Amino acid sequence: MKWGNHMTTIRTKIMEAASRIEGFDLQSFEIGPVVLESGAIQQVAPFLKEAGFNKITIAADAHTNAVLGLKLQGLIEEAGIAVQNTQISPDKQGDVIADEAALIQLILSLKATSAEAVVAVGSGTLHDISRFSAYAVGIPFISVPTAPSVDGFNSKGAPLVLHGDKITIQAIGPAAIFADLDILTEAPAALVAAGFGDMLGKYTSLFDWKFGSLAGGEIYSPVVAEMTTNALQQCVDNVDEIAQRSPEGIRILTGALLESGFAMLLLGHSHPASGAEHHLSHYWEMEFLRLGRRQILHGAKVGIACAQIAEHYHSLASRSPDLFPDEHRQTLIDEIEAIPDGNTIRALLKKVGGPILPEDLGIDEELLQRSLREAHHIRPNRYTLLRKYNETI
Ligand SMILES: [Zn+2]
């Protein structure tokens, strides 16, 4: 079966990178079809048919059902596969979140219909709900993103909200990804800006990863770091195309998000794509949940947090050199100097029409300062410069 050229491109890149990672177990590394092209949704039903699935559940929300879920349901039915549609209910604030209620809703319907696979139709949260629910009942999930908003489509980790706390559970990656450019180019500008913000976050996550490896002995892979760096650079080099939401811009952004996701998958950890900027973002999210406030797009928070962390790190590099171990001091300070400053990152976010300051998201100075002091507790075993600084002062 032909899965399209872009799939070949991404898959070839990933396999090539995997082959360069020392000691990587290529034999047991399996990635399914990754289709990134116009009309990709037409390939979902043939894939399901060929894989031998007879009963499918589509997981969507009211919005993604209207955009694609119901249409996809029709395409799968036409192929002679039984399909049931579970529309995930929003919380009291009107947000669909990966909390206990949403997970149980999907798990119960998977059990009730003896579904053999879940097709996630939506952006990051619907993927997290589907990924964990599929894992919990022991079936695969298939990814059909509706917006290039996040780099977590193909990760194994499912960030969940349990008792109001954000925790990431290792679950499963998708058996296949069908990213349809016709759908993705129609995604709202705010979701595209969020995907771009999630990519910009790599400026600080890549630094924190280097810091964690040199100062804290954490796992490191130059191949995976290079992959993530290239994905980030692609987005920055093509910011104007992405801002216009042209098919080429959306293809570049979606490809970069997928590559960043695969980079995490190759490493087996989220280090390349998640550092202090993600901890800040998670901290803000938990605060909003506690206060019963409406949720903000993950990538919007990450982009803004990245600018804050970049500013913080630039200042630490010049005024607190003792934070860096002697033997790696210069390397790490040079790495920080290579991160664009806060205002450059904000200017990039502004180009794609995203929010740029914490106050744009309703995050006041008190919450910002508190998060800068406490966010490292979100991931107690991740050694970031933010953590080192907070534990030193
Ligand atoms: Zn992210």
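Residues numbered from 1 in each chain as written. Predicted model: local features only at pLDDT ≥ 70, side-chain atom pairs only at ≥ 80, totals over all residues. Heavy atoms only, no water.

Undergrad: Before we move on, can you summarise unusual backbone geometry with the specific residues and values?
TA: Even without glycine at this site, S114 takes up a positive phi of about 50°. In this structure, R245 is a non-glycine residue whose phi angle is positive, near 55°. With respect to the helices and strands, R245 occurs in the loop between helix 10 (239–244) and helix 11 (247–267). A relative accessible area of 31% places R245 in the partly exposed class. (Helix = DSSP H or I, 4+ residues; strand = E, 2+ residues; numbered from the N terminus. Buried < 20%, exposed > 50% of the residue type's maximum accessible area, 1.4 Å probe, protein only.)

Undergrad: Lay out the domain arrangement of the protein in plain terms, naming residues and giving numbers.
TA: Here the protein is described as being made up of domain 1 (5–184) and domain 2 (189–219 + 269–392). Here the C-alpha centroids of domain 1 and domain 2 sit 28 Å apart. The interface of domain 1 with domain 2 comprises 13 residues on the first partner and 16 residues on the second. Here domain 1 meets domain 2 over a buried area of about 1,300 Å², counting both sides, of which 56% is carbon and sulfur. Sorting the residues of domain 1 by area buried against domain 2 places Q93, D151 and K166 first, and these three jointly supply 38% of that buried surface. Between the two partners, domain 1 and domain 2, sit three salt bridges. Across the pair E285 and K166 runs a salt bridge, and its minimum N-O distance is 2.9 Å. On the surface where domain 1 and domain 2 come into contact, there are eight residue pairs in polar contact (both at pLDDT 80 or more). The residue makeup of the side of domain 1 that touches domain 2, split by class, is five nonpolar, four polar and four charged. (Domains from an automatic or database assignment. Contact = heavy atoms within 4.5 Å. Buried area = accessible area lost by both parts, 1.4 Å probe. Salt bridge = Lys/Arg side-chain N within 4 Å of Asp/Glu carboxyl O. Polar contact = N/O pair within 3.5 Å; in protein donor to acceptor, adjacent residues only side chain to side chain. Nonpolar A, V, L, I, M, F, W, Y, C, P; charged D, E, K, R; others polar.)

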